[in-house]
Amino acid sequence: MKDSELNGTGIGFRMEHADEVLLQNPNIPWFEILIDNYMSENAPLSVIDKLAENYPISFHGVGLSIGSIEPVDYHYLAKLCELKDRWQPKLISDHFAWTHTANHRFHELLPVVLDVKNMNYLSDKICRVQDFMGEQILMENASTYIEAPAEMNEWEFINQICSASGCGLLLDINNIHVNAFNHGFDATEYIEGIDLSNVKEIHIAGYEDRGNYYFDSHSQPVAKEVWDSFARVLGEIPEIPTLLEWDNDLPELNVLINEVEKAEKIRCLVTSPSTPKLIAI
Amino acid sequence: MNMLQWQTFCSEYFAGTKTNITQQYKNLSIYRDNIEAVHINALKISFPIVRELLGDRFFIKLARDYILNTQWRSHSIDDLGCNFDQFILNHELTQNITYLSEVVSIEWLIQSLPEKRNNNVDLSLQLKKLFENSEGFTIGLLPHINIFESSRGGMTIWLEHQKESFNSIDITNIKTSYWLLENNGIDVKVKQIDKDSFSFVKAIVKEKNIGVLCDEFGSDNVIQELISLIQENNILLKCPVTR
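Residues numbered from 1 in each chain as written. Chains lettered and ligands numbered in written order. Predicted model: local features only at pLDDT ≥ 70, side-chain atom pairs only at ≥ 80, totals over all residues. Heavy atoms only, no water.

1. Here we look at the pattern of salt bridges
All names here are of chain A. Using the criterion set out here, one finds 14 salt bridges over all chains in the structure. A salt bridge links Glu208 to Arg210; its shortest N-O distance comes to 3.2 Å. The class of Arg210 is partly exposed, set by a relative accessible area of 36%. (Salt bridge = Lys/Arg side-chain N within 4 Å of Asp/Glu carboxyl O. Buried < 20%, exposed > 50% of the residue type's maximum accessible area, 1.4 Å probe, protein only.)

2. A word on the packing of aromatic side chains
For the structure shown, the criterion picks out 28 aromatic pairs over all chains. An angle of 15° between the planes, with centres 4.1 Å apart, marks the rings of A:Tyr207 and A:Tyr214 as stacked. Residue A:Tyr207 shares its accessibility class with A:Tyr214, and that shared class is buried. Their ring planes at 55° and their centres at 5.4 Å tell us that B:Trp6 and B:Tyr25 sit as a pair that is tilted. Of the two residues, B:Trp6 sits in helix α1 (residues 3–15) while B:Tyr25 sits in the loop between α1 and α2 (28–46), which places them 19 residues apart along the sequence. On the basis of relative accessible area, B:Tyr25 is assigned to the buried category, the value being 8%. Connected via pairs of aromatic rings, a cluster forms that spans B:Phe47, B:Phe59, B:Tyr66, B:Phe84, B:Phe87 and B:Trp108. (Phe/Tyr/Trp six-rings, centres within 6.5 Å; stacked < 30°, edge-to-face > 60°. Helix = DSSP H or I, 4+ residues; strand = E, 2+ residues; numbered from the N terminus.)

3. A closer look at the side chain of A:Asn174
Within the element layout of this structure, A:Asn174 appears in helix α6 (residues 173–183). With residues up to four places along the chain from it excluded, the contact list for A:Asn174 reads A:His203, A:Ala205, A:Gly206, A:Tyr207, A:Asp216 and A:Val226. (Contact = heavy atoms within 4.5 Å.)

4. Quick word on the interface of chain B and chain A
The partner chain A presents 37 residues to the 34 residues of chain B that form the contact. Approximately 3,200 Å² of surface area, both sides summed, lies buried where chain B meets chain A, with 59% of it carried by carbon and sulfur atoms. Looking at the side of chain B facing chain A, the largest losses of area belong to B:Met3, B:Tyr31 and B:His75, adding up to 25% of the total buried there. At the boundary of chain B and chain A, one finds zero salt bridges. There are seven residue pairs in polar contact (both at pLDDT 80 or more) connecting chain B and chain A. (Buried area = accessible area lost by both parts, 1.4 Å probe. Polar contact = N/O pair within 3.5 Å; in protein donor to acceptor, adjacent residues only side chain to side chain.)

5. Structural notes on the sheet that holds strand β3 (residues 57–60) of chain A
What holds strands together in a sheet is hydrogen bonding between their backbones, with the strands either parallel or antiparallel. Residues and elements named next belong to chain A. If you trace the eight strands once around the closed barrel, you get β1-β2-β3-β4-β7-β8-β9-β12, paired in parallel fashion. Each neighbouring strand pair of the sheet contributes to a mean axis angle of 30°, computed without reference to strand direction. Bridge count for strand β8 (residues 168–172) against strand β9 (residues 199–204) is four bridges, and the pairing is parallel. Along β9, the bridge assignment pairs Leu170 with Glu201. (Pairing = 2+ DSSP bridges. Axes fitted to C-alpha atoms, helices over the stretch in contact; angles between N-to-C directions.)

6. A short note on helix α10 (residues 210–217) of chain B
All names here are of chain B. Taken residue by residue, α10 has Ile210, Leu213 and Cys214 as its buried positions. Buried residues of α10, seen end-on, are gathered within an arc of 100° and therefore sit on one face of the element. Backbone geometry just downstream of α10 places Gly218 in the positive-phi region, at approximately 90°. (Arc of directions from axis to C-beta.)

7. Some thoughts on the domain arrangement of chain B
Residues and elements named next belong to chain B. Each assigned domain of chain B is listed with its residue range as follows: domain 1 (3–112) and domain 2 (123–237). Opposite the 14 residues of domain 1 that make contact, domain 2 presents 16 residues. When domain 1 packs against domain 2, the two sides together hide about 1,300 Å² of surface, and 74% of this comes from carbon and sulfur. On the domain 1 side of the contact with domain 2, Glu102, Ile106 and Ile110 bury the most area, a combined 44% of that side's loss. At the boundary of domain 1 and domain 2, one finds zero salt bridges. (Domains from an automatic or database assignment.)

8. Let's talk about the sheet that holds strand β3 (residues 178–183) of chain B
Residues and elements named next belong to chain B. Read across the open sheet, the three strands follow the order β2-β3-β4; overall the sheet is antiparallel. Lying at the two open borders of the sheet, with one neighbouring strand each, are β2 (145–149) and β4 (188–193). Direction aside, neighbouring strands of the sheet carry axes that sit 25° apart on average. Taken strand by strand, helix α9 (residues 195–205) contacts β2, β3 and β4, and its axis lies near 130° from that of β2.

9. Some words on the packing of α9(B) against helix α11 (residues 219–231) of chain B
All names here are of chain B. Contact pair α9 / α11: the axes reach a minimum separation of 11 Å and the direction vectors enclose 80°. Classed by the angle they form, the pair α9 and α11 counts as roughly perpendicular. Every residue of α11 that contacts α9 at Asp196, Ser197, Phe200, Val201 and Ile204 is listed here: Val222, Glu225, Leu226 and Leu229. (Parallel < 35°, antiparallel > 145°, perpendicular 65-115°, else oblique.)

10. Digging into the side chain of A:Ser58
Its location among the elements puts A:Ser58 in strand β3. Dropping the residues within four chain positions of it, A:Ser58 is found in contact with A:Leu6, A:Trp30, A:Phe31, A:Glu32, A:Ile33, A:Pro89, A:Lys90 and A:Leu91.

11. Looking at the confidence of the model for chain B
When pLDDT is averaged along chain B, the result is 82, and 82% of the positions lie at 70 or above. Two numbers describe this predicted complex: its pTM, 0.83, and its ipTM, 0.90. (pLDDT = per-residue confidence, 0-100.)

12. Focus on the packing of α1(B) against α2(B)
When two helices pack together, you describe them by how their axes are tilted relative to each other and by the distance separating the axes. Residue and element names in this part refer to chain B. Viewed as axis vectors pointing N to C, α1 and α2 meet at an angle of 55°, and their least axial separation amounts to 10 Å. By the criterion of interaxial angle, the relationship of α1 to α2 is oblique. Handedness of the α1/α2 crossing: right-handed. Residues Phe9, Cys10, Tyr13 and Phe14 of α1 touch α2, and the partners they reach there are Leu28, Ser29, Tyr31, Arg32 and Ile35. Residue classes in the contact of α1 with α2 are distributed as seven nonpolar, one polar and one charged. (Left-handed = near helix turned anticlockwise from the far one by under 90°. Nonpolar A, V, L, I, M, F, W, Y, C, P; charged D, E, K, R; others polar.)

Okay, structure coming up:
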């Protein structure tokens with residue numbers, strides 16, 4: 001019972017909710033699975049087999065490490081393809097980040113240098129990944145706590161890579177606000193700078209205010225300014241599939257469903273003919 | 001700084017070999033702390049009994065040492081800890097706690113056992129074929145089965161921490177160092193086996209040809225052990241594709 005496309009606002013699938021989701025089939029339009037969790041030998045693949053029977057799913061990865069100087073990791077891609085064949089995800093995404101060197105995997109999304117040379121290098125690597133996968137992949141703007149060396153804005157870097165490689169953009173609105181606070185720029189300027197025609201999916205989440213910086217904790221309700229920016233972006237691309245991320249201090253599934261309903265209310269408001277494009281929530 | 005220099009700079013900082021960094025990059029410590037926390041948490045999840053035995057502070061110290069001294073290349077953080085037993089065995093603070101590395105091994109083995117999958121193989125038919133012509137067959141344990149030799153008391157300690165789940169085992173009546181473990185998809189079952197059975201199953205783990213097994217253990221013993229293992233659905237007989 002799979003749709004041809006993802007619609008509405010989905011939820012990141014977490015094992016803590018597995019029984020409730022698989023036994024009760026709650027009204028959630030789609031699920032994202034963190035695909036790296038299913039690459040180890042004893043991963044609970046049968047759980048996702050059941051999930052994929054009932055819901056459209058997307059793959060979200062953290063292990064591609066497109067930003068590292070090492071060549072494309074084809075062993076990783078081969079495993080990804082194996083799981084893709086098994087579960088037929090509607091979208092496959094990862095991050096503009098690096099997570100490992102040749103000798104060490106940090107399991108952390110680290111910021112990339114924003115210069116022309118790296119932009120061309122990343123574009124080329126993404127093309128190779130897409131050629132291997134046989135489809136477009138989406139790349140997400142990552143949250144950062146330090147500014148890597150840069151000779152351009154991140155949105156210019158991302159626009160150019162999407163254009164050169166043909167990859168889609170997974171626009172994480174929470175990450176924009178986290179980075180805006182951490183690095184002192186205007187989130188609105190970032191959003192206005194992004195070429196929204198490249199956006200194929202949106203992520204929303206909650207951050208943690210740690211005083212002198214925001215931490216992308218995925219442990220809180222979505223912040224007001226993130227909802228505001230979400231509404232602004234939906235005003236331009238109203239049908240875009242959206243994903244609510246909540247990974248830590250995981251609440252009951254109902255809490256997540258309430259956030260999903262909030263997102264869909266905003267979508268309805270934005271798409272209503274009588275509503276101006278810019279709305280405040 | 002280009003990407004190569006940046007990657008090297010960050011990696012050296014995370015490894016602790018670069019400590020002098022400018023104010024501009026002071027927030028690299030957020031990443032360093034997060035990397036450490038994520039990896040220590042993964043080890044806590046994989047080794048809850050070892051953590052309980054050592055206490056939180058001691059466990060975290062060992063985990064931190066392990067992370068700093070291990071080049072980690074696996075995609076999945078769930079794989080972190082595969083050689084933690086050897087690290088514990090050789091660490092100056094734990095090498096005298098003889099049972100500890102054994103408990104680490106058991107916890108790792110338990111979490112690494114894949115679930116039992118539906119197995120439609122007709123074992124009795126395979127056994128019949130096996131004894132019609134044994135030369136072309138190899139045998140192996142099913143993936144959800146494994147064995148463990150506990151010579152330093154690690155299994156007893158592990159079982160002590162599992163009393164609720166493993167109440168079918170009388171811990172005061174452990175007579176062997178040899179164990180067979182099975183993940184049936186609901187929980188992991190452990191069973192005492194004798195030394196001869198252990199040696200035989202160990203040979204099966206190496207996936208020996210049936211003829212080699214008969215030479216080593218004697219045909220009668222092989223038949224007896226196989227029947228026992230097959231009845232308990234523990235072994236997989238592999239037929240050649242062509243004869």
